[in-house]
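Chain residues, written in single-letter form:
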Amino acid sequence: MACFRVADASEYLAITGWGIDDVKLAKKAWVFVGQQCKKFDITPVNYEFEVHAMSSEKLPFILPAVFTIGPKISDDGSHGASLLLYAKLIAPHDKNSSHVRELVRGVIEGETRVLAASMTMEQIFQGTKSFKQAVFENVQLELNQFGLYIYNANVKQLVDVPGQEYFSYLGQKTQQGAVNQAKVDVAEARMLGAVGAKERDGTTLQKAAEVDAQTKVFRVRQEAIGIKEQAKVEAEVKVFENEREAVVAAAKADLATKKAAWDRQTKVAEVEASKAVAIREAELQMEVEQKNALRLTEKLKAEQLSKATVQYDVQVQDSNAALYSRQKAAEAKLYEQQKAAEARKAQADAQFFEQKLAEDAKLYAKQKEAESLATVGKAKADYVAAMLQALGGNYHALRDFLMIDGGLYQEMARINAGAVSGMQPKISIWTGADGAGAGAGGDVGASSSGGAAMQQVAGVYKMLPPLLSTVHEQTGMLPPAWMGALPKDEAN
């Protein structure tokens with residue numbers, strides 16, 4: 001079954017197996033059947049060592065160093081040949097295991113000793129930075145074949161091997177040199193201090209005079225700038241005042257114009273209002289006249305229509321009475337028809353229900369009959385199977401037993417007896433004795449073989465008449481004319 005695997009930020013997936021030629025590295029991938037997936041960490045690890053080395057003068061020393069080493073990852077986060085080597089050679093082991101630690105220790109100690117053996121102690125001590133860089137480069141060349149990369153290398157201060165005091169004496173020498181140099185530096189500092197004090201006093205006076213002159217010039221320049229700025233501000237204020245006056249005058253003119261327009265609109269509105277009042281009075285007067293005319297018209301209508309309305313109401317009442325009578329008669333007839341239809345429907349439902357009950361009873365009887373037949377058939381099948389098993393699988397013995405047990409032979413005898421019970425069979429028996437006797441009394445001089453043949457032919461001829469007579473009696477068939485004819489009394 002396939003599964004989807006995802007590595008952490010500091011991990012990679014190493015996938016091998018089906019469909020992969022070598023090793024596939026990925027941060028996330030599907031792992032299918034026939035493949036193996038293993039996570040490995042790419043976090044750098046610190047390895048701290050004390051390398052015992054010897055200079056070209058055969059002076060032993062200890063080089064404490066701390067290396068931060070891990071798999072090499074490119075800047076864009078992609079993996080290359082180095083990470084593939086690391087996955088194959090180092091990832092199967094724990095980074096903190098003795099195997100990996102001894103591997104790194106061996107590379108660092110070997111390269112450090114080789115490099116230290118080619119340098120003097122003074123060169124190593126004075127050129128610590130260059131020595132560190134050389135160790136770094138040489139060790140990195142060896143670690144490349146394992147896919148490892150040195151992220152940081154910190155070489156501490158060189159230390160004497162127990163029993164050796166080279167670095168101690170070298171430190172004392174350096175210390176004394178530093179003390180002597182300090183004394184010289186103090187004397188030079190005192191001399192420079194006295195000379196510097198005088199130089200500072202003169203420089204102070206020069207700088208003070210220069211500052212006073214620059215201050216006066218700056219003051220005059222600032223005063224001129226202030227006068228210019230004041231004049232500029234006054235001019236701007238005057239321009240602003242003129243602009244404000246122009247805006248005020250324009251606003252006043254606009255206000256006067258609007259006042260005149262408003263007065264004109266007011267007078268027009270007053271005239272329109274007075275005229276509108278007169279028009280409205282005329283309209284109201286006209287409406288009053290129209291209402292009076294309508295009132296008189298309605299009065300006349302009421303007088304003329306009252307009689308017609310009364311007569312119409314009477315006729316409507318009569319028509320309604322007749323209509324009501326017809327409606328009631330129709331409703332009664334409809335009610336009778338509905339009741340008759342309901343009665344017929346109820347009778348049909350009752351008949352249908354009776355038929356349904358009868359059909360259900362027949363169906364139930366058929367079902368029970370079928371169930372009983374199925375039960376009987378199953379019992380018979382079980383009985384036959386048991387009998388066949390008891391008879392040892394002999395089918396013929398089972399058949400004979402079933403025929404005897406079922407009375408089949410007795411039934412066959414009864415049927416055969418019944419078939420011939422009303423029959424009156426007529427049996428004709430004939431022999432060739434007379435013919436033989438007749439033949440014996442014939443010609444004595446004939447040969448014996450000729451006499452026997454003639455006797456047989458005579459016997460056949462003697463057999464034909466009774467045979468034909470028996471066939472006619474039992475089947476009613478007459479022999480053909482060429483063979484002979486029966487006596488008339490037998491034929492009839």
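Residues numbered from 1 in each chain as written. Predicted model: local features only at pLDDT ≥ 70, side-chain atom pairs only at ≥ 80, totals over all residues. Heavy atoms only, no water.

What about the overall build of the protein?
A tally of regular secondary structure across the protein gives 10 helices and nine strands. Among the 492 residues that make up the protein, the fraction classed as buried is 16%. Pairs at least 24 apart in sequence give 59% of the contacts found in the protein among residues at least 6 apart. With the model as given, the accessible surface of the protein reaches about 37100 Å², and the carbon-plus-sulfur share is 60%. (Helix = DSSP H or I, 4+ residues; strand = E, 2+ residues; numbered from the N terminus. Buried < 20%, exposed > 50% of the residue type's maximum accessible area, 1.4 Å probe, protein only. Contact = heavy atoms within 4.5 Å. Areas by Shrake-Rupley, 256 points an atom, 1.4 Å probe, with all protein chains shown as cover.)

Comments concerning helix α6 (residues 395-405)
Where α6 begins, one side-chain oxygen reaches toward the backbone nitrogen of His396, 3.2 Å away; that side chain belongs to Asn394. Gly407 sits one or two positions beyond α6 and adopts a positive phi of about 70°. (Polar contact = N/O pair within 3.5 Å; in protein donor to acceptor, adjacent residues only side chain to side chain.)

Details of the state of the cysteines
Counted according to the given criterion, the structure contains zero disulfides. Cysteine Cys37 shares no disulfide, and the gap to the nearest cysteine sulfur, in Cys3, comes to 7.4 Å. (Disulfide = S-S within 2.5 Å.)

Observations concerning the sheet that holds strand β2 (residues 11-17)
Hydrogen bonding along the main chain pairs the strands of a sheet, whether they run parallel or antiparallel. Pairing is antiparallel across the open sheet formed by three strands, whose spatial order is β3-β2-β5. Unpaired on one side and paired on the other, β3 (24-26) and β5 (35-41) mark the two borders of the sheet. Here the strands of the sheet are splayed against their neighbours by 25° on average, with no regard to which way each runs. One ladder, built from seven bridges, connects β2 with β5; its direction is antiparallel. In the strand pairing of β5, Ala14 is matched with Lys38. (Pairing = 2+ DSSP bridges. Axes fitted to C-alpha atoms, helices over the stretch in contact; angles between N-to-C directions.)

What to know about the pattern of salt bridges
Applying the stated criterion across every chain, the model contains 11 salt bridges. In this structure, Arg113 engages Glu109 in a salt bridge whose closest nitrogen and oxygen atoms are separated by 3.7 Å. Pair noted here: Arg113 and Glu109 are both in helix α2 (residues 98-117), with a separation of four residues, about one helical turn. Glu331 is the partner of Lys328 in a salt bridge, and the nearest nitrogen-oxygen pair spans 3.7 Å. Pair noted here: Lys328 and Glu331 are both in helix α5 (residues 166-390), with a separation of three residues, about one helical turn. (Salt bridge = Lys/Arg side-chain N within 4 Å of Asp/Glu carboxyl O.)

Looking at a nonpolar patch on the surface
A cluster of nonpolar side chains, namely Val457, Val460, Tyr461, Leu464, Leu467, Val471 and Met477, defines an oily patch on the protein surface of about 630 Å² accessible area. The residue Leu464 is located in helix α9 (residues 448-475) in this model. Its relative accessible area of 31% is what places Leu464 among the partly exposed residues. (Patch = residues over 30% accessible without salt bridge, like charges linked within 9 Å, V, L, I, M, F, W, Y side chains within 5 Å.)

So, the environment of Leu388
Here Leu388 is to be found in helix α5. For Leu388, a relative accessible area of 30% gives the class partly exposed. Residues Leu388 and Leu398, spaced 10 residues apart in sequence, show a C-alpha to C-alpha distance of 6.2 Å. Not counting chain neighbours up to four residues away, the residues in contact with Leu388 comprise Gly393, Asn394, Tyr395 and Leu398.

So, the side chain of Gln140
Among the structural elements, Gln140 can be located in helix α4 (residues 128-143). What makes Gln140 buried here is its relative accessible area of 10%. Apart from residues no more than four positions distant in its own chain, Gln140 is found in contact with Leu148, Tyr149 and Ile150.

Things to note about the pairing of β2
Taken across its seven residues, β2 has five buried, putting it largely inside the fold. Of the strand pairs in this sheet, β2 and β3 are connected by three bridges, and their pairing is antiparallel. Across the sheet, Ala14 pairs through a bridge with Leu25, a residue of β3. Counting the residues that bridge the hairpin from β2 to β3 gives six residues, and of these Gly19 lies at a positive phi of roughly 80°.

Quick notes on the environment of Cys37
In this structure, Cys37 sits in strand β5. With 14 residues separating them in the primary sequence, Cys37 and Val23 have C-alpha atoms 9.9 Å apart. When residues no more than four places from it in sequence are discounted, the contact partners of Cys37 are Arg5, Leu13, Ala14, Ile15 and Val31.

Topic: the nonpolar core
Phe40, Phe67, Ile69, Val104, Ile108 and Phe131 are the most contacted members of the largest nonpolar core, which totals 38 residues. Only β2, β6 (45-54), β7 (60-71), α1 (81-89), α2, α3 (121-126), α4 and β8 (148-155) provide two or more residues apiece to this core. Per-element tally for this core: the top contributor is α2, with six residues. Summarising the domain contributions, this core has at least three residues from each of domain 1 (1-41) and domain 2 (45-164). If sequence neighbours within four positions are ignored, Phe131 has contacts with Leu63, Thr112, Leu115, Ala116, Met119 and Ile124. Leu13, Ile20, Ala26 and Cys37 belong to the second largest nonpolar core, which has eight residues in total. (Core = buried A, V, L, I, M, F, W, Y, C linked by side-chain atoms within 4.5 Å. Domains from an automatic or database assignment.)

As for α1
Three or more residues of α1 are buried, namely Leu83, Tyr86 and Ala87. When α1 is viewed along its axis, its buried side chains cluster within an angular range of 100° and face the same direction. Contact partners of the buried residues in α1: β2, β3, β5, β7 and β8. (Arc of directions from axis to C-beta.)

Notes on the side chain of Glu11
Within the secondary structure layout, Glu11 lies in strand β2. Buried charge without a salt bridge: Glu11, with Lys39 as the nearest opposite-charge side chain at an N-O distance of 4.2 Å. Those residues in contact with Glu11, other than ones at most four positions away along the chain, are Lys27, Lys39, Phe40, Asp41 and Ile42. (Lys, Arg positive; Asp, Glu negative; His and termini not counted.)

Observations concerning the confidence of the model for the protein
Mean pLDDT for the protein: 78, with 84% of residues reaching 70 or above. Across the protein, the secondary-structure element scoring lowest on mean pLDDT is helix α8 (residues 433-440), at 42, and the one scoring highest is strand β1 (residues 3-6), at 84. Across residues 433-447, where pLDDT falls below 50, the model places seven contacts with residues more than four positions away in sequence or in other chains. (pLDDT = per-residue confidence, 0-100.)

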